[in-house]
Amino acid sequence: MNNIVAIVGRPNVGKSTLFNRLIQRREAIVDSVSGVTRDRNYGKSEWNGKEFSVIDTGGYVRGSDDIFEGEIRKQVELAIDEADVIIFVVDVEEGITPMDDAVAKLLRKVTKPVLLAVNKVDNAMREKDAIEFYNLGLGDYYTFASISGSGTGDLLDALIDAFPIKPEPTGEEVVLPRFAVVGRPNAGKSSFINALIGQDRYIVTDIAGTTRDAIDTKFDRFGFEFNLVDTAGIRRKAKVKEDLEFYSVMRSVRAIEHADVCILIIDATRGFEGQDQSIFWLAEKNRKGVVILVNKWDLVEKDTMSTRDYEEKIRKELMPFTDVPILFVSALTKQRLLKALEATVQVYENRQQRIPTSKFNEFMLKVVEAYPPPATKGKYVKIKYCMQLPTQTPQFVFFANLPQYVKEPYKRYLENKIREKWDFSGVPIDIYIREK
């Protein structure tokens, strides 16, 4: 198990900048609006050959009326439970504020090591100003500037020394399949993940766009093991007014790129809208497996035909890539959630499968013989050999004497025949025609 470090402190002292510096990626959204980090954000970091995980907590705010702030306080308390070492970040420009006192009071009760880190110290004058932080009663402090990175080295050295000694792990870390949960804002992605892992990892409110960043959760229940990535809802570009939303959309795009299978959650009460389609095509363009879950199915007026009609409507929108599992679920009542997981794992396996070349030729050459490519300008196209390429996603190549004459419709015919024979449900297939 990795050591876990939690970065806490009141809003806008530079926790996310420090977090991004530690994991060397722009994961947490950084903005000068206070209170931007709404959810705990996880990342991995390494110093002097020691690997550890970092949690960036939402800014810690007491007694204010913002819905999020009460939740953020819970998040900090949760982070204190989960972490091995806590870095408490304060801001030298503003000195000790009543809020810092409140956090320090919480942290003084903690038995775990707490490192007091004074941010924005980038010159000698400010080194002197930092002395007042002894008043917090947390012992020695470390000065640093998270934007330029000066002083972070000493902080990290102290951090590594503070880790409890754990037995060395043996064996390689198994690469788990990554499933990204994507969809438009407020379709119920976070509720879906919370329902699966059985704990409130995510802030869930009725306000669309609560989840601002993509967050990884390891899932190991019911005999399944994989990583779940929840993404911020993808908003239409025109609606991205706040900078924050912009990052979130970018983040979802990134989450889709990093995932193996995308679980697209759509809101049953709103139908399969243009935006859901563009997310679907984004996943398809990246050649990811796709499972569509129609959430909030318990809120829809139903009759005997409703699921079938609804499914047909969605499939019509998805043409020509219609071979996608569509399930009707409810994250609130936990209806069919396990079925959804089974479907997702199945799609992952479909994406990994390899067809032996001999079997593939045996079947596909008969198919080609039964219905050869149409002749063009009196020339006949002959396909004599085909195989699956050794790529991450299913790709097939057919060798022909005149590849330029094989058009899209015929490629689609080949794809349909492959899908009829082998289960590639939910997985985009590429077909190439090459000269032999």
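The structure reproduced in this document is the subject of the present report.

Calculation notes
- Residues numbered from 1 in each chain as written.
- Predicted model: local features only at pLDDT ≥ 70, side-chain atom pairs only at ≥ 80, totals over all residues.
- Heavy atoms only, no water.
- Pairing = 2+ DSSP bridges.
- Helix = DSSP H or I, 4+ residues; strand = E, 2+ residues; numbered from the N terminus.
- Axes fitted to C-alpha atoms, helices over the stretch in contact; angles between N-to-C directions.
- Contact = heavy atoms within 4.5 Å.
- Core = buried A, V, L, I, M, F, W, Y, C linked by side-chain atoms within 4.5 Å.
- Buried < 20%, exposed > 50% of the residue type's maximum accessible area, 1.4 Å probe, protein only.
- Phe/Tyr/Trp six-rings, centres within 6.5 Å; stacked < 30°, edge-to-face > 60°.
- Lys NZ or Arg CZ within 6 Å of the ring centre and 35° of its normal.
- Expected span 1.5 Å × (residues − 1).
- Parallel < 35°, antiparallel > 145°, perpendicular 65-115°, else oblique.
- Left-handed = near helix turned anticlockwise from the far one by under 90°.
- Nonpolar A, V, L, I, M, F, W, Y, C, P; charged D, E, K, R; others polar.
- Salt bridge = Lys/Arg side-chain N within 4 Å of Asp/Glu carboxyl O.

This paragraph deals with the sheet that holds strand β15 (residues 430-435). Read from one edge to the other, the open sheet built from three strands follows the order β13-β14-β15, with strand pairing classed as mixed. Pairing within the sheet leaves two strands with one partner each, and these edge strands are β13 (383-388) and β15. The mean angle between the axes of side-by-side strands here comes to 20 degrees, regardless of whether they run parallel or antiparallel. Direction of pairing for strand β14 (residues 395-400) relative to β15: parallel, over a ladder of six bridges. Pairing of F398 across the sheet is with I433, part of β15. Running over the sheet, helix α11 (residues 357-370) touches β13 and β14 and is turned about 140 degrees from β13.

This part is about the environment of P356. Note on placement: P356 falls in the loop between α10 (337-352) and α11. Distance in space between the C-alpha atoms of P356 and Q388 is 7.9 Å, their sequence separation being 32 residues.

In this section: the nonpolar core. Note on soluble globular proteins: their nonpolar side chains tend to be buried together. Of all hydrophobic cores here, the largest spans 28 residues; its most connected members are F179, F192, F219, L228, I263 and L293. Counting residues per element, the ones that place at least two in this core are β7 (178-182), α6 (189-197), β9 (224-230), β10 (261-267), β11 (289-295) and α10. Sorting elements by how many residues they give to this core places α10 first, with seven residues. Excluding its chain neighbours within four sequence positions, the residues that come into contact with L293 are F192, I263, L264, I265, I266, L327, V329 and A340. In this structure, I292, V300, F321 and F328 belong to the second largest nonpolar core, which totals 25 residues.

Under the definition given, this model contains 17 aromatic pairs. Above the face of the Y310 ring, K313 is positioned so that its terminal group lies 5.3 Å from the ring centre. Lying across the ring of W422, K421 places its NZ or CZ 5.9 Å from the centre.

Counted at 1.5 Å a residue, the expected span for helix α12 (residues 408-421) with its 14 residues is 20 Å, and the 20 Å between its end C-alpha atoms agrees. Contact partners of the buried residues in α12: α11, β13, β14 and β15.

Running from amino to carboxyl end, α11 crosses α12 at an angle of 135 degrees, the nearest separation of the two axes being 11 Å. If you check the angle between α11 and α12, you find them oblique. Between α11 and α12 lies a crossing of right-handed hand. Contacts between α11 and α12 pair F360, F363, M364, V367 and V368 from the former with Y410, Y413, L414, K417, I418 and K421 from the latter. Residues of the contact of α11 with α12, tallied by class, amount to nine nonpolar, no polar and two charged.

So, about the pattern of salt bridges. Pairing between side chains of opposite charge can happen when the charged atoms of each approach one another. For the structure on display, the rule yields 12 salt bridges. K120 is the salt-bridge partner of D91, the closest N and O atoms lying 3.0 Å from each other. With a gap of 29 residues between them, D91 in strand β4 (residues 85-91) and K120 in the loop between β5 (114-119) and α4 (124-129) connect regions that are remote in the sequence. Among the residues examined, D91 registers a relative accessible area of 0% and is labelled buried. For K120, a relative accessible area of 24% puts it in the partly exposed group. Measuring nitrogen to oxygen at the nearest pair gives 3.4 Å for the salt bridge that ties D122 to R126. Judged by its relative accessible area of 23%, R126 is partly exposed.

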